Amino acid sequence: MTQNGRADKLTKADQLIKQDFAMRSLRLDSLEIFDDVVRCGGFRAAALDRGVSSSAISQSISVLEEALGIRLLNRTTRSVAPTEAGKRLLERLGPALHDIRIAIDDLNQLRERPSGSVRINAPGPAADHVLCPLAFEFMKIYPDVDVEIVSDAAIIDIVEQGFDAGVRFGNQLAQDMIAMPLGPTLRYAIVASPDYLRERGRPDSPSDLLQHDCIRRRFPGGTMETWTFEKAGDEVEITPQGRLTLSSAHHELQAAIAGAGIAHLFEEYVHADLEQGRVIELLSDWKKKLPSWYLYYPSRRHTSAAMRAFLKYIRHR
């Protein structure tokens, strides 16, 4: 064998040794990070989800690709998508990671106190008045459980987005979900400041609101909120008109107190301000009863020890 032939053979052997060492040094969290990047749709979103920097996520993926000797992600300035190799790995990786998490969580059952995390997606009003108070008390009882509540009014796939549960109205739930009520039925209140009413007058019916400056709400998907009223079996729906459009109940209440218009808010938001006279309730005899909030979670997914503890707490409450 020539000297060049021996050198080529050594080089190939070195590469095989290097690749074998890299494969043996693969860490489970690198595979989890790869799964997170694809699930979240990018490095930045995965970094926010894991509470680390985007550069750390990118470095982990680079190390994983080098260890496997193949590119797993196609990267552009606007998007990240799995390559054919990445898709094949994900097909096998998803169930495997799921089984590993279940195995680890099964050990958690042997602990005296459950640990882990609970991630819940909920609209702002549900988080403000129902979910957060429950979660704060729950965390005192279960100090080893971390809780993350994401306030979001959009209808999402909680499984795809990595949430353990969500909160929505009872009539907005998918059929394959298990749900439990989180409180009584809800009602909206129509309110305005005394200054606004002195200047513009008081509406006597829902149709009168069309002649007023109403504080409008735009939902995350871009649609505008309609206001629905009911009295003696008659239901009226209007599309409010006004110069101010917001996306937060807290800001709408601030605007109403400031005299910027008439607001349409859950009763829970306005109790204190009604008692102190900062706002006055209108059309109280036209209130429509709404479904209660429901906590829902997947029926076909393993429920972690932390989530089971939270569900048990909710049932007892």
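To start, this report covers the structure provided alongside it.

Section: the overall build of the protein chain
Step number 1: Summing up its helical and strand segments, the protein chain has ten helices and 15 strands in all.
Step number 2: For the protein chain, the proportion of its 317 residues judged to be buried stands at 38%.
Step number 3: Long-range pairs, those at least 24 residues apart, make up 71% of the contacts in the protein chain between residues at least 6 apart in sequence.
Step number 4: Taken as a whole, the protein chain presents about 18,300 Å² of accessible surface, with 50% of it coming from carbon and sulfur.

A closer look at the nonpolar core
Note on soluble globular proteins: their nonpolar side chains tend to be buried together.
Step number 1: Residues V167, W293 and L295 are the most contacted members of the largest nonpolar core, which totals 43 residues.
Step number 2: The residues touching V167, leaving out its near neighbours within four places in the chain, are I120, N121, A122, P123, A126, L131, L182, W293, Y294, L295 and Y296.
Step number 3: Core analysis: the second largest hydrophobic core is formed by 16 residues, F43, I61, L73 and V80 among them.

A short note on empty space enclosed by the protein
Step number 1: Going through the model one piece at a time under the given rule, you end up with one cavity of 30 Å³ or more.
Step number 2: In this model, the largest cavity occupies a volume close to 70 Å³.
Step number 3: Looking at the largest cavity, the residues that line it are Y188, A189, I190, T228, F229, H264, E281, L282, L283, W286, K287 and K288.
Step number 4: When contributions to the lining of the largest cavity are tallied by element, the ones reaching two or more residues are β7 (186-192), β9 (227-231) and β13 (280-282).
Step number 5: Ranked by the residues each element gives to the lining of the largest cavity, the list is headed by β7, at three residues.
Step number 6: Partitioning the lining of the largest cavity into residue classes produces seven nonpolar, two polar and three charged.

Here's the deal with the sheet that holds strand β6 (residues 177-181)
Step number 1: Within the open sheet, the five strands sit side by side as β4-β3-β5-β15-β6. Their pairing is mixed. With one partner strand each, in any of the chains shown, β4 (145-151) and β6 form the two edges of the open sheet. On average, each strand axis in the sheet is inclined to that of its neighbour by 25°, with strand direction left out of account.
Step number 2: Direction of pairing for strand β5 (residues 165-169) relative to strand β15 (residues 293-298): antiparallel, over a ladder of four bridges. Counterpart to G166 in the pairing with β15 is Y296.
Step number 3: Against the sheet, helix α6 (residues 124-141) engages β3 (116-122), β4, β5 and β15, with an angle of about 175° to β4.

So, the packing of aromatic side chains
Step number 1: By the definition in use, this model includes seven aromatic pairs.
Step number 2: Aromatic pair F138 and Y142: ring centres 4.8 Å apart, planes at 35°, arrangement tilted. Y142 shares its class with F138; the two are buried.
Step number 3: Residues Y188 and F266 carry aromatic rings whose centres are separated by 4.4 Å and whose planes lie at 15° to one another, so their mutual orientation is stacked. Of the two residues, Y188 sits in strand β7 while F266 sits in strand β12 (residues 263-266), which places them 78 residues apart along the sequence.
Step number 4: The exposure class assigned to F266 is buried, which follows from its relative accessible area of 5%.
Step number 5: Put simply, the rings of F138, Y142, F310 and Y313 touch in pairs and so form one group of aromatic residues.
Step number 6: If you follow R119 out to its NZ or CZ, it ends over the ring of F163, 4.3 Å from the centre.

Reading guide: rules and limits
- Residues numbered from 1 in each chain as written.
- Predicted model: local features only at pLDDT ≥ 70, side-chain atom pairs only at ≥ 80, totals over all residues.
- Heavy atoms only, no water.
- Helix = DSSP H or I, 4+ residues; strand = E, 2+ residues; numbered from the N terminus.
- Buried < 20%, exposed > 50% of the residue type's maximum accessible area, 1.4 Å probe, protein only.
- Contact = heavy atoms within 4.5 Å.
- Areas by Shrake-Rupley, 256 points an atom, 1.4 Å probe, with all protein chains shown as cover.
- Core = buried A, V, L, I, M, F, W, Y, C linked by side-chain atoms within 4.5 Å.
- 1 Å grid on protein atoms, 1.4 Å probe; cavity = no way out; pocket = protein on both sides within 12 Å on 5 of 7 lines; lining within 4 Å.
- Points joined across faces, edges and corners; volume = space filled by probe spheres on them.
- Nonpolar A, V, L, I, M, F, W, Y, C, P; charged D, E, K, R; others polar.
- Pairing = 2+ DSSP bridges.
- Axes fitted to C-alpha atoms, helices over the stretch in contact; angles between N-to-C directions.
- Phe/Tyr/Trp six-rings, centres within 6.5 Å; stacked < 30°, edge-to-face > 60°.
- Lys NZ or Arg CZ within 6 Å of the ring centre and 35° of its normal.

Such coordinate-based values are descriptive only and should not be taken to indicate function.
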